[in-house]
Structure formats: structure tokens, C-alpha cells
Amino acid sequence: FVDFILDGQPEPPLYFARMKKLNKIGPSVLGSPIELPKKVSIQEMVDNDITIIDTRAKHDFASSHLEGSIMASFDKNFNTIAGSFLDGEDEFYLIIDQDNLQEAINDLANVGLDKCKGFATYNDLESWNGESTNSTDFEGLSKQMNNSNIQVLDVRKATEYSTGHIPGSINIAHTRLAANLDKIPHDKTIAVHCASGQRASYSISLLKSKGFDVIWVDDLFKNWKSEVKA
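Here's what I pulled together on the structure shown here. The structure displayed is predicted, hence computed values, not measured ones.

1. What to know about the overall build of the protein
- The secondary structure content of the protein amounts to eleven helices and nine strands.
- Residues counted as buried form 45% of the 230 residues belonging to the protein.
- Within the protein, residue pairs in contact and separated by at least 24 positions form 72% of the contacts whose partners lie at least 6 positions apart.
- In the form shown here, the protein has an accessible surface area of approximately 12200 Å², with 47% of it arising from carbon and sulfur atoms.

2. Topic: the side chain of Q151
- Inspection of the secondary structure assignment puts Q151 in strand β6 (residues 150-154).
- According to the relative accessible area criterion, Q151 is buried, its value standing at 12%.
- Setting aside residues up to four positions removed in sequence, Q151 forms contacts with G168, S169, I170, P185, K188, T189, I190 and A191.

3. Regarding helix α10 (residues 198-209)
- Taking 1.5 Å of rise per residue, twelve residues should cover 16 Å, and α10 covers 18 Å from first to last C-alpha, within 8% of that figure.
- Of all twelve residues in α10, nine are buried; the element is thus mostly enclosed.
- Considered for burial, the residues of α10 that qualify are R199, A200, S201, Y202, S203, I204, S205, L206 and L207.
- Looking one or two places after α10, you find G211, whose phi comes out positive at around 90°.

4. Observations concerning the sheet that holds β6
- Taken in spatial order, the five strands line up as β5-β9-β8-β6-β7 in an open sheet, and their pairing is parallel. Across the chains shown, the open sheet's two edge strands, defined by having one partner strand only, are β5 (135-136) and β7 (170-171).
- Here four bridges tie strand β8 (residues 189-193) to strand β9 (residues 213-217), and the two strands are oriented parallel to one another. In the strand pairing of β9, V192 is matched with W216.
- Along the sheet, α10 contacts β6, β8 and β9; its crossing angle with β9, the most-contacted strand, is approximately 170°.

5. Let's talk about the packing of aromatic side chains
- Scanning the model with the defined rule gives three aromatic pairs in all.
- Taken together, a centroid distance of 5.8 Å and an interplanar angle of 75° make the contact between F138 and F221 edge-to-face. Taken together, the residues span a long stretch of sequence, with F138 in helix α8 (residues 138-142) and F221 in helix α11 (residues 221-229) at a distance of 83 residues. Per residue, the accessibility class of F138 equals that of F221, and both read buried.
- Among the aromatic residues, those joined into a ring-pair cluster are F138, F221 and W224.
- The ring of F221 is capped by R156, whose NZ or CZ atom sits 4.1 Å from the centre of that ring.

What counts, and at which threshold
- Residues numbered from 1 in each chain as written.
- Predicted model: local features only at pLDDT ≥ 70, side-chain atom pairs only at ≥ 80, totals over all residues.
- Heavy atoms only, no water.
- Helix = DSSP H or I, 4+ residues; strand = E, 2+ residues; numbered from the N terminus.
- Buried < 20%, exposed > 50% of the residue type's maximum accessible area, 1.4 Å probe, protein only.
- Contact = heavy atoms within 4.5 Å.
- Areas by Shrake-Rupley, 256 points an atom, 1.4 Å probe, with all protein chains shown as cover.
- Expected span 1.5 Å × (residues − 1).
- Pairing = 2+ DSSP bridges.
- Axes fitted to C-alpha atoms, helices over the stretch in contact; angles between N-to-C directions.
- Phe/Tyr/Trp six-rings, centres within 6.5 Å; stacked < 30°, edge-to-face > 60°.
- Lys NZ or Arg CZ within 6 Å of the ring centre and 35° of its normal.

Everything listed here is a matter of coordinates, which is why it stays silent on function.
Shown next as C-alpha cells:
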């Protein structure tokens, strides 16, 4: 019965274990509403060794972002991504539209992330010369598959991977990626894909922050299947 119920379920995000503990012992009392962090400059973010969560959309992040920052777009997946990539003890900065700051802080607290040390806005970031993300599509990736220096990482669910995948690819669900970085080679360029490019975009930001050389496959996986059939 248990196997039947669990069959096909997605891999649980890493913060689920943290939530289990908090549900047992009780969370910290933060007050209501939760106190908002102070506004800081982009320079202060860069100068301090603290994780930066960038809440912009994937293409905005890919075109320019702060070195070492992690992307968790402010949408329905926001706290799932942040909760999967950060530990509950991590201090962090937030790049967020100020109108969404209170909601974002509340969402992060709900997954045990309550150590925000400051925030900056999208407008603050516009004047900063950031780094970009290398990207390709499946047609471009197929042309590089004979390169022994390329390792494909598939961040879809295991059930998706089992229905069809790129030969030789590594499969780690994006919500479990932070706990499995040791399974990814540091001496190769990691080409990351999912079904649409969205989960891969989150994963790329985490891998870049950990020093991996990466390529974001910004494309629909069905295009790889079409490429193979052709």
C-alpha cells in the first residue's frame, strides 16, 4: 500500500526534513508581522560573504546577476527553491521588488529561512555590471555531445527521467541538488536541462555559486526528442 501511494511522487525538497524538526520542537518566535530587513547597497552585498537570493525572472537573471547569487524567482516556486538551496542557519541578502518584500520574508520564514540581513531592489541592480549565464538549446547541445568535456545534468524528477533521457546524463531532481553536488564532476562543463528550462535555470544558479562551469539548456525537452528522431 505504501509503495502504491508513493509511486510517482516527486522527490521531496530538502527543507521538508527541516520542517519536520520545526513541527516537532516548534519554530522561533519572530513576531507578527515579521520585522523587515534593512535596505543595503549592492556594494555591501558584494563585499560580504553572505548568500544572495535574486528573485527576478530567469532571463533577467541569466542576462546579468551578481557573482555567486542564487536565483529563486518570486512566484509559486519561490520558497520551495530557496528552501531547497539554503540551510536554515544560512544568513542571506534578498534582491526583491520592495512591494513584495513583506510577502517574500513571510514565505521564506515558512520554510525556516529567517536570517535575512538586508535587501536591495531590482532598480538598485540595474546599474551594476554583473555576470551572465552561458546558454544553448537542444540543437546546440546535440552538436557538443561528442565533446568529452561536457556532462549533461537532467534536473527533472526520476519519473520523468525514466520515460526518456539523454544517454549518459546524470539525473538529480532540482529540489535535491544541494545535497548531491558531490555526484557532479568539477572537471567538466555541466549542461543542465529539465523539461522547459525553468528548473534548470534555478539549478544553474546554485551550481555557478558552487564554482561549477555550466551551460543552461533553455529549451523544451521535446525538442531533444525531435532531434533524436530526426
